[in-house]
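Results of the structural survey
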Amino acid sequence: MSEAFDGGGQLPAAFMNPGTSSFAELLGVVAPDLLPTARELPQGATTTHMTPEATTIVALTFPDGVVLAGDRRATTGNVIANRDVDKLYRTDEFSAVAIAGAAGVGIEMAKLFQVELEHYEKMEGRSLSLEGKANRLATMIRGNLPMALQGFVVLPLLVGYDTDRGLGRIFSYDAVGGRSEEHDYHTIGSGAVYARGSLKKLFGDDLAEEDAVRVALQALYDAADDDSATGGPDLHRKIYPLVDVITEDGHRRMAEEDVARLATAVVEERAQRPDGPRAPLR
Amino acid sequence: MSMPFYVSPEQSMKDKADYARKGIARGRSAVVLQYDGGILFVADNISRTLHKISELYDRIAFAAVGRYNEFENLRQMGVRLADVRGYAYDRSDVSGRVLANIYAQTLGTVFSESNKPWEVEIVVAEVGDDAASDQIYRITFDGSVVDEQGYLAMGGSAEQVTTALKERFDKDASLGAAVNAAVHALRHENGEERDLDSSGLEVAVLERGRREHRKFRRVTGDRLTSLMEEGAASGGADPAQDSAAEEPGGGSQDRTNGS
């Protein structure tokens, strides 16, 4: 790493140039080795299981905003690498990102995105629009394409409260940075198919905040039920899913005791009815 | 008129310093002071968008007087430096001292190596876990750094403003009382008794107890007006304060940082 920002001596000119408000661009000039996407990988290298992966993330909107929830398990192959991973990142006052795929690169990218938004806000004196944030993240994923081709695929899910329109929104991405807005709900990760089925049955557009969280926890339970790489609520170790709620008042990580209460209720209901709540037939 | 052949270094430095001082003295003042919940910044500034006070990092803020383009350049440099360091190491590794040092280096180099010194005076302040660990650094146009305690004023007629601020300063004052002490001091610029209301002030705080990692918050609009009224009601024995008309800030809303 360069001595440029060690606090002594003269800074490189890039620090004084007026112009860019992008942190990633600045980093590309003053310390390119810190960019998660700027790595040269050896040709033909095999990358299986170099970094833990797998996850289930669910997001759903409710009238006041959006709920984002993630399980806590990270796996390498069929081994549980970690039981209490935090896959959700508050990226600014009104947005959050969750990651699926290669954990190492994904975490770095979430961290860079976080600084990117804050840096822009400080430089320009106002924050990016939610649309702008979604596009910026797409560009960063696109930059990861060479790594994605070698197996380090990062698939984030961006949720935010659009202060201009007054509603919660969800954006998903593909490996090349293709961005699509999802309506009502979306899930990513290895357990996503199971969680999606669950969400489809339980989602309603008139849910209160706590009920929206309940729906997310039911969906995560269903994902953990069928996907070995997704962890369910671990009542013995007191490890519960993480839940972020973003509304007009900004981003809030739901208190652990509240999630614990709701998750315990879900598990107890499953003891009576293992497949969970039934949607009416007609 | 012919050019002199030789100018002594002493004379050259003195000329530059006089030039910079004059430039700074043309602008309005800003004050920085501790209060019971953190550090308060108040600047005499009618613009809503061209700031004299800004956030640098989670616990660190910047205030400046003088030539706008020059201190804006310094502000951007500070934000860049802080963000790169915080990203490379950890958020807790960004300190006010490091930023103050780099500003001192930059201003010192400009002062000694270029013909025109920068006409700026800046403050870098970092709010700590308690009042004793707060840091307030004043950096002047020639690159000298002073570690200030409690309060300071800079700009226009800094001496008069400092004297007025000293009368009212109390590090355990409430925010309202601290805002009023600051406004009282700024009214004494150039020995005049000026009317200052909330629409002509730029106010921000580094709040020690704020739950999120970012402690910087602007105080504007109705919130500022009510703080000034509250401060005047609780401790305002000064008749000048009571007579000052306090109007809402042009209908602008209370805007917190980050929104």
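Reading the values: the criteria
- Residues numbered from 1 in each chain as written.
- Chains lettered and ligands numbered in written order.
- Predicted model: local features only at pLDDT ≥ 70, side-chain atom pairs only at ≥ 80, totals over all residues.
- Heavy atoms only, no water.
- Helix = DSSP H or I, 4+ residues; strand = E, 2+ residues; numbered from the N terminus.
- Rg over C-alpha atoms; globule rule 2.2 N^0.38 Å.
- Buried < 20%, exposed > 50% of the residue type's maximum accessible area, 1.4 Å probe, protein only.
- Contact = heavy atoms within 4.5 Å.
- Areas by Shrake-Rupley, 256 points an atom, 1.4 Å probe, with all protein chains shown as cover.
- Lys, Arg positive; Asp, Glu negative; His and termini not counted.
- Charge placed at Lys NZ, Arg CZ, Asp CG, Glu CD.
- Axes fitted to C-alpha atoms, helices over the stretch in contact; angles between N-to-C directions.
- Parallel < 35°, antiparallel > 145°, perpendicular 65-115°, else oblique.
- Nonpolar A, V, L, I, M, F, W, Y, C, P; charged D, E, K, R; others polar.
- UniProt positions renumbered as here; feature names shortened; annotations may be inferred.
- Polar contact = N/O pair within 3.5 Å; in protein donor to acceptor, adjacent residues only side chain to side chain.
- Buried area = accessible area lost by both parts, 1.4 Å probe.
- Salt bridge = Lys/Arg side-chain N within 4 Å of Asp/Glu carboxyl O.
- Pairing = 2+ DSSP bridges.
- Expected span 1.5 Å × (residues − 1).
- Core = buried A, V, L, I, M, F, W, Y, C linked by side-chain atoms within 4.5 Å.

1. A closer look at the overall build of chain A
A count of helices and strands for chain A gives seven helices and twelve strands. Its C-alpha atoms give chain A a radius of gyration of 20 Å, near enough to 19 Å, the size a compact globule of 282 residues would have. On the principal axes, the C-alpha backbone points of chain A span a range of 65 × 45 × 30 Å. Counting across all 282 residues of chain A, residues that qualify as buried make up 53%. Put simply, 66% of the contacts in chain A that link residues at least 6 apart link residues at least 24 apart. Surface summary for chain A: the accessible area is close to 12900 Å², and the carbon and sulfur share equals 49%. Across chain A, the mean location of the 28 positive side-chain charges is 5 Å away from that of the 43 negative side-chain charges.

2. Concerning the packing of helix H1 (residues 23-30) of chain A against helix H2 (residues 68-88) of chain B
Between H1(A) and H2(B), the least distance of the axes is 11 Å, while the angle of their chain directions is 75°. On the basis of their axis angle, the class for H1(A) and H2(B) is roughly perpendicular. Across the interface between the two elements, A:Phe23, A:Leu26, A:Leu27 and A:Val30 of H1(A) pack against B:Arg80, B:Asp83, B:Val84 and B:Tyr87 of H2(B). Looking at side-chain class alone, the contact of H1(A) with H2(B) contains six nonpolar, no polar and two charged residues.

3. Section: the UniProt feature "active site" (unreviewed entry) in chain A
Residue and element names in this part refer to chain A. Here, UniProt's "active site" (unreviewed entry) annotation points to Thr55. Its relative accessible area of 1% is what places Thr55 among the buried residues. Aside from chain neighbours lying at most four places away, what touches Thr55 is Asp71, Lys87, Ile99, Ala100, Ile188, Gly189, Ser190, Gly191, Ala229 and Thr230. Within the structure, Thr55 has its side chain in polar contact with the side chain of Asp71 (distance 3.3 Å).

4. Details of the interface of chain B and chain A
Each partner contributes residues to the interface: chain B has 32 residues there, and chain A has 34 residues. Together, the buried faces of chain B and chain A total about 3000 Å²; carbon and sulfur atoms form 53% of this surface. Where chain B meets chain A, there are three salt bridges. A salt bridge links B:Arg91 to A:Glu118; the nearest nitrogen and oxygen atoms lie 2.7 Å apart. Applying the counting rule to chain B against chain A returns eleven residue pairs in polar contact (both at pLDDT 80 or more). Listed by contribution, the elements that provide at least two residues to the side of chain B that touches chain A are strand S3 (53-57), H2 and helix H3 (96-113) of chain B. With twelve residues, H2(B) is the single largest residue contributor to the side of chain B that touches chain A.

5. Looking at the pairing of strand S7 (residues 154-162) of chain A
Residue and element names in this part refer to chain A. Taking burial as the measure, the nine residues of S7 include eight buried ones, the bulk of the element. In this sheet, strand S8 (residues 167-173) lies alongside S7 in antiparallel orientation, the contact comprising six bridges. In the sheet register, Leu158 faces S8, and the bridge partner there is Phe171.

6. Observations regarding the sheet that holds S7(A)
All names here are of chain A. Taken in spatial order, the five strands of this open sheet run S5-S6-S7-S8-S9, and their pairing is antiparallel. The sheet terminates laterally at strand S5 (88-92) and strand S9 (179-182), the two strands that pair on one side only. Across the sheet, the axes of successive neighbouring strands diverge by a mean angle of 25°, strand direction being ignored. Across four bridges, S8 lies against S9 in antiparallel orientation. Residue pairing for S9: Phe171 is matched across the bridge by Glu181. Across the face of the sheet, helix H2 (residues 103-124) comes into contact with S5, strand S6 (95-101) and S7 while running at roughly 20° to S5.

7. Considerations on helix H1 (residues 9-25) of chain B
For H1(B), which comprises 17 residues, the first-to-last C-alpha distance of 24 Å matches the rise-based estimate of 24 Å (1.5 Å per residue) to within 8%. Buried residues belonging to H1(B) abut strand S4 (60-66), H3 and strand S5 (120-126) of chain B.

8. Details of the environment of A:Glu181
Residue and element names in this part refer to chain A. Tracing the sequence through the fold places Glu181 in strand S9. By relative accessible area, which is 27% here, Glu181 ends up partly exposed. Residues contacting Glu181, with those up to four places away along its chain left out, are Arg169, Ile170 and Phe171. A polar contact of 2.8 Å, which involves the side chain of Glu181, links it to the side chain of Arg169.

9. Here we look at the pattern of salt bridges
Side chains that differ in charge, positive against negative, can pair when their charged atoms come close. Under the counting rule described, the total for this entry stands at 39 salt bridges over all chains. One salt bridge connects A:Glu121 with B:Arg214, and the closest N-O pair in it is separated by 3.1 Å. Here the residue A:Glu121 occupies a position in helix H2, and B:Arg214 occupies one in the loop between strand S9 (201-207) and strand S10 (216-219), the pair thus bridging two chains. For the pair A:Glu121 and B:Arg214, one class covers both residues: buried. A:Arg179 is the partner of A:Glu131 in a salt bridge, and the nearest nitrogen-oxygen pair spans 2.8 Å. Here A:Glu131, found in helix H3 (residues 130-143), pairs with A:Arg179, found in strand S9; they are 48 residues apart in sequence, far enough to count as distant. Assessed through its relative accessible area of 27%, A:Glu131 is described here as partly exposed. Exposure remark for A:Arg179: the relative accessible area of 28% places this residue in the partly exposed category. Linked by salt bridges that have partners in common, A:Glu131, A:Asp162, A:Arg165, A:Arg169, A:Arg179 and A:Glu181 make up one network.

10. Looking at the nonpolar core
A:Leu27, B:Leu74, B:Tyr103, B:Ile122 and B:Ile139 are the most contacted members of the largest nonpolar core, which totals 64 residues. Tallying contributions element by element places H2(B) first for this core, with nine residues. In this structure B:Ile122 touches B:Phe62, B:Ala63, B:Ala64, B:Phe71, B:Leu74, B:Tyr103, B:Leu107, B:Tyr137, B:Arg138, B:Ile139 and B:Met154, once residues within four positions along its chain are discounted. Of all hydrophobic cores here, the second largest spans 28 residues; its members include A:Ala195, A:Leu220, A:Val245 and A:Ala263.

11. Focus on the side chain of A:Arg169
Residue and element names in this part refer to chain A. Looking at the secondary structure, you find Arg169 in strand S8. Given a relative accessible area of 3%, Arg169 falls into the buried group. There is a polar contact of 3.0 Å between the side chain of Arg169 and the side chain of Glu131. In this structure the side chain of Arg169 is engaged in a polar contact, spanning 2.7 Å, whose partner is the side chain of Asp162. In this view, Arg169 contacts Thr61, Val66, Leu130, Glu131, Leu158, Val159, Gly160, Asp162 and Glu181; residues no more than four positions away in its chain are not counted.

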